[in-house]
Structure formats: C-alpha cells, structure tokens
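Structure assessment
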Amino acid sequence: MIKTISLRTAVWLFSFVILVLLLLIPMDTVFEEGRGGSFMGATYDYQIQNHVANIQSFYTYIYETGGLGTDEAGRPIVDQVTSVFLRSMLIFMPAILIGFFVGIAKGIFDFNVRKTKAKFIGQPATIGFLSVPDIAIIVFIQLMVLLLQSYGLVEIDLFGHDKIDNVLMNILYLSIYPVMFIANITFKTLETEQGLDYIRTARSKGTGELKILYRHMLKNGLPKILAYSNTMVLYTLSNLFIVEVFTEYRGAAFYMYHTLGSSTNFYVGALISPNIISQIGYIFMFTLVILAFSIVSGVARSAISPLEDER
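Residues numbered from 1 in each chain as written. Predicted model: local features only at pLDDT ≥ 70, side-chain atom pairs only at ≥ 80, totals over all residues. Heavy atoms only, no water.

Examining the nonpolar core
Going by this rule: Put simply, a nonpolar core is a bunch of buried Ala, Val, Leu, Ile, Met, Phe, Trp, Tyr and Cys residues held in one set by side-chain atoms that sit within 4.5 Å of each other. Whether a residue is buried, partly exposed or exposed follows from its accessible area with a 1.4 Å probe, protein chains only, as a fraction of its type maximum: under 20%, in between, or over 50%, in that order. Helix and strand assignments follow DSSP, with helices taken as H or I runs no shorter than four residues and strands as E runs no shorter than two, numbered in order from the N terminus. Pairs of residues are marked as contacts when any of their non-hydrogen atoms sit within 4.5 Å.
Among the nonpolar cores identified, the biggest contains 61 residues, and F92 and F286 are the most heavily contacted of them. Looking at this core element by element, the count peaks at 13 residues for helix α3 (residues 77-112). Sequence-distant contacts of F286, that is, excluding residues within four places in its chain, are made with F85, L237, L240, F241, A252, A253 and M256.

Concerning the environment of G281
With respect to the helices, strands and loops of the structure, G281 is situated in helix α11 (residues 276-304). On a C-alpha basis, the gap between G281 and A252 in space is 9.8 Å, while along the polypeptide they are 29 residues apart. If near-sequence neighbours (up to four positions away) are discounted, G281 is found in contact with L68 and V81.

Focus: unusual backbone geometry
Positive phi, close to 60°, is recorded for E248, a residue that is not glycine. Overall, the relative accessible area of 43% leaves E248 in the partly exposed class.

Focus: the packing of aromatic side chains
The cut-off we apply is this: Here is the rule: rings of Phe, Tyr and Trp (six-membered ring for Trp) pair when centre to centre is within 6.5 Å. Planes less than 30 degrees apart are stacked, more than 60 are edge-to-face, and the remainder are tilted. The criterion is that NZ of a Lys, or CZ of an Arg, lies within 6 Å of the ring centre and within 35 degrees of the ring normal, and then a charge sits over that ring.
Counted under the stated rule, the structure contains 14 aromatic pairs. Put simply, the rings of Y177, F181, Y228 and Y235 pair up and form one aromatic cluster. Above the plane of the ring of F111 lies R114, whose end atom (NZ or CZ) is 3.9 Å from the centre.

Here's the deal with a nonpolar patch on the surface
Spelled out, the test is: The patches described consist of residues with a relative accessible area above 30% and no salt bridge, like charges being joined within 9 Å and nonpolar side chains (Val, Leu, Ile, Met, Phe, Trp, Tyr) within 5 Å. Using the Shrake-Rupley algorithm and a 1.4 Å probe, accessible areas are obtained, with residue cover drawn only from the displayed protein chains. Every case where a carboxyl oxygen of Asp or Glu lies within 4 Å of a side-chain nitrogen of Lys or Arg is listed as a salt bridge.
Taken together, the side chains of I135, V139, F140, L143, M144, L146, L147, L148, Y151, L153, I242 and F246 make up a nonpolar region of the molecular surface, amounting to roughly 1100 Å² of accessible area. Every element with two or more residues in the nonpolar patch is listed here: α5 (134-150) and α9 (229-247). The element contributing the most residues to the nonpolar patch is α5, with eight residues. Of note, V139 is situated in helix α5.

Structure, rendered in structure tokens:
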C-alpha cells in the first residue's frame, strides 16, 4: 500500500513539474509589419535561455512572495484560487459519488434486464448516452427546463453560482457521463464474471442468483470497476470546464479558462499573455484531485483484492 501511494505521488510530482515547465515556455513571437504598422505575419522564436530565465524568475518570485503573490488589487492569489476551487468541488465531488454508486446500480440493472423486454432502457440506453456529446445533453436539459418554465411549472435558475439551483443543476450535468461510464464498465464486468468456472460451480450447488450476483460476481468484479475510476475522474474534470463556462458557474475551471488569454487576439508587436501564476495555482489544485482519487482507488483495490497491490 505504501509502495502504491509513494509511486503515484512521484508520478503526480513529475507530471506537475512538466506542466509547470510547459507553462513557462517563453512567448517570443516575431511580428512582421506592413505599411502603417499593419499585421503581415508572425513567427515563433523559441530560445532555451529565455525558457531558463522564465523558470528562474518564477522560482525567485515564489521564494520572495512565499506563495503565488497578490493580484493588482493586493488580494492573495492563493486565497482566490482556493476559494473558487472549493466552489468547483461543491459540484464535482457529488457528481463523482453519484457517478460511481448510481453507475454501479445502473450497470447491475442493465445486466438484470439484458434478456427481458425492458432491455432497451438498459445497456442500449447507456451506450446511447455515452455516444451523445455532453454539451448536447446539457442544452437539451436546459431547453426542457425553459419549456417547463414557460408553462409556469418550475422556476429554476440555470446560470450563475450563487443559488442552490445552480449547484444542483451543475451536479446533474456533471454526473450524467460518470453514471453511464461506470454503468457500462459494470455491465461488461458482470458479463465477464458470469462465464467463469466459480460462477457455474456456485449455481450447480443451488446458490441463489442474487447471492451469486452481489456476493460473488460484483465483489470479484469491483477491483476491475475501480481500475476505471481514474478515467472517470479525468473525464469529469474535463467536463467541469465545459459545464462551468457554459453555465457561468464561477468555479476554478471557469476562472482558469479565462486566465488562458486568447490565441487569436493580439496587438501587432505584442501577444495578450495568459496569467501564468494563477494557472499554476489551478493546475496544482486539479492535479492534486487526480492524485487523491488515484490513491483512494489504489488503496480500495488493495483492500478488496490484496493481489492488486502488487500490480
């Protein structure tokens, strides 16, 4: 277990350092100007000495400020990043929990109805949801809510972050993909388990189907399901950016998106530079989430199946 935690922490630290180094790549662009200072073209001129200078300046800045420093208004950047990050976690954590537990329940349901007339709302429905882009599902839900509002049936605030409506709706948006993803993994895991020898032996001894499903198939298949939990977390984090920007939910993903600057807006002779310091703060927080879930997943798999700890 300690080996698993140490290894995953080392991988996280290495990945974070690489991301920081990428963010500190200099934006040395040579602009070509025409008559009257009109834009004619631009070329990127990478100089390793400038990259090294950026790295040195960054670590000097961190050392001198004792953190990420302050913004133009004198407010600590760390406090701002932490505040909006916690706001993001308010919708992210429930979505992950719903995705995992409801996803397993949906996968069991899909498995149980696979040979019945209700199978069309089982695995085919799960695959259908996975095939549709998240943004399309979000737009469809919002259109349905607006339709109901036009008839005076509901009153839900779809945009913003300061109302309980905003939190609940964004949890709904974020949890759709994790539920269907884990449901699909659970269904395939149970299908694989049912063909194994120990299941046929249990049935030959007269063991009930529910007992076989929950005490044998699901228990033995759980490490396989947990192995995909990290993928679920990564997908949900990527969806967090879509959901927050689209619904104007002002969390960490929303503000990180707006610190990126613009790849198309510029003045001749100068790019609009992103806020690198804030970006590093957000990346640290988000990669820490990935590390935490990776460790939890590894520990859970080791607890359920000790052999997993050796993999």
